Amino acid sequence: MVLFVMFGLGTLKGPIQRAVSHATGRELIIEGELKPVWSWVHPRFRAGKVRFANPDWADEDWMFQAEAVEASVRLLPLLVGRVVLPEVHLVHPEIDLEVDDEGRKNWILSDEKKEGGSRIALQQLTFDRGRLRFADAGRDIDLENELSTDADGVAVESKGTYKGLPANVKGRGGPVLGLKDQNDPWPIDAGGKIGDTN
């Protein structure tokens with residue numbers, strides 16, 4: 001806190017990178033500035049040129065890359081050790097999701113298996129001109145997805161192979177984090193072709 005007060009947010013880059021890398025066993029790199037962004041409601045911060053590493057077995061070096069990450073934070077939950085992020089916005093993110101032959105998923109971190117679950121709550125996720133690759137070696141799936149969000153949800157265009165068949169799908173869905181809701185159906189309106197099936 002003394003470093004932050006005297007020299008600004010930039011001094012927190014190193015401690016944040018080391019803390020995340022130590023907790024996850026994967027490298028976090030923040031190459032750009034870490035700075036506050038004006039907000040009426042919650043403190044908001046912007047980190048430029050962010051990268052988060054894949055596990056050693058993955059095809060790609062990085063699981064996540066973005067030109068910038070903006071996040072707002074609720075202050076009171078921090079006092080009890082919880083991180084509540086009302087909104088996270090990703091600028092031109094590139095995300096690599098992989099499942100290998102053994103069924104290992106690169107987005108599962110070792111700490112998530114501990115009792116008590118995650119102490120980070122994300123309430124809204126938006127992004128512009130995102131790219132998401134999903135590859136599942138066991139099911140012969142490799143899809144490149146172009147994504148963007150607006151007030152109504154997410155638009156997606158997907159190309160690649162699905163169970164060994166050429167696939168091309170385009171459509172819209174609800175809010176990204178709505179996929180986590182097990183009680184309400186997630187709306188989707190899409191069309192495309194997988195192999196000879198429309």
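Residues numbered from 1 in each chain as written. Predicted model: local features only at pLDDT ≥ 70, side-chain atom pairs only at ≥ 80, totals over all residues. Heavy atoms only, no water.

**Concerning the overall build of the protein**
Right, so step 1: Secondary structure assignment for the protein yields two helices and 14 strands.
Right, so step 2: In terms of overall dimensions, the protein has a C-alpha envelope of 65 × 35 × 35 Å along the principal axes.
Right, so step 3: Taking all 198 residues of the protein together, the buried fraction comes to 35%.
Right, so step 4: Taking as baseline every contact in the protein between residues at least 6 positions apart, the subset at least 24 positions apart corresponds to 44%. (Helix = DSSP H or I, 4+ residues; strand = E, 2+ residues; numbered from the N terminus. Buried < 20%, exposed > 50% of the residue type's maximum accessible area, 1.4 Å probe, protein only. Contact = heavy atoms within 4.5 Å.)

**Concerning the pairing of strand β4 (residues 62–72)**
Right, so step 1: With nine of 11 residues buried, β4 is to be regarded as a mostly interior element.
Right, so step 2: Examined bridge by bridge, strand β3 (residues 44–53) and β4 share nine bridges and lie antiparallel to one another. Opposite Val50, over in β4, you have Ala66 as the bridge partner.
Right, so step 3: Both β4 and strand β7 (residues 94–99) contribute to a ladder of two bridges, which runs antiparallel. Across the sheet, Phe64 pairs through a bridge with Ile95, a residue of β7. (Pairing = 2+ DSSP bridges.)

**Focus on unusual backbone geometry**
Right, so step 1: Positive phi is not limited to glycine here, since Lys49 has a value of about 50°.
Right, so step 2: By the secondary structure assignment, Lys49 is in strand β3.
Right, so step 3: You can call Lys49 exposed: its relative accessible area is 52%.
Right, so step 4: Of note, the phi angle at His92 is positive, near 50°, even though the residue is not glycine.
Right, so step 5: Of note, His92 is situated in the loop between β6 (88–91) and β7.

**Focus: the side chain of Asp100**
Right, so step 1: Checked against the element boundaries, Asp100 lands in the loop between β7 and β8 (120–122).
Right, so step 2: Assessed through its relative accessible area of 12%, Asp100 is described here as buried.

**Things to note about the environment of Gly164**
Right, so step 1: Structurally, the position occupied by Gly164 is in the loop between β12 (153–162) and β13 (165–173).
Right, so step 2: Here Gly164 falls in the partly exposed class, since its relative accessible area comes to 39%.

**Observations regarding the pattern of salt bridges**
Right, so step 1: Scanning the model with the defined rule gives 15 salt bridges in all.
Right, so step 2: Residue Arg44 pairs with Glu87 through a salt bridge whose shortest N-O separation is 3.4 Å. With a gap of 43 residues between them, Arg44 in strand β3 and Glu87 in the loop between β5 (83–85) and β6 connect regions that are remote in the sequence.
Right, so step 3: Residue Glu87 is classed as partly exposed on the basis of its relative accessible area, which comes to 25%. (Salt bridge = Lys/Arg side-chain N within 4 Å of Asp/Glu carboxyl O.)

**Overview of a nonpolar patch on the surface**
Right, so step 1: Taken together, Trp38, Trp40 and Val41 make up a surface patch of nonpolar side chains, about 530 Å² in accessible area.
Right, so step 2: Here Trp40 lies in the loop between β2 (34–37) and β3.
Right, so step 3: In this structure Trp40 comes out as exposed when scored by relative accessible area, which is 77%. (Patch = residues over 30% accessible without salt bridge, like charges linked within 9 Å, V, L, I, M, F, W, Y side chains within 5 Å. Areas by Shrake-Rupley, 256 points an atom, 1.4 Å probe, with all protein chains shown as cover.)

**Description of the side chain of Asp96**
Right, so step 1: One can find Asp96 in strand β7.
Right, so step 2: A residue is classified by how much of its surface remains accessible, and Asp96, at 2% relative accessible area, is buried.
Right, so step 3: Looking at Asp96, its side chain comes within polar contact range of the side chain of Asn54, at 2.9 Å.
Right, so step 4: What Asp96 contacts, discounting residues up to four positions off in sequence, is Asn54, Glu60, Trp62, Met63, Asn106 and Arg133. (Polar contact = N/O pair within 3.5 Å; in protein donor to acceptor, adjacent residues only side chain to side chain.)

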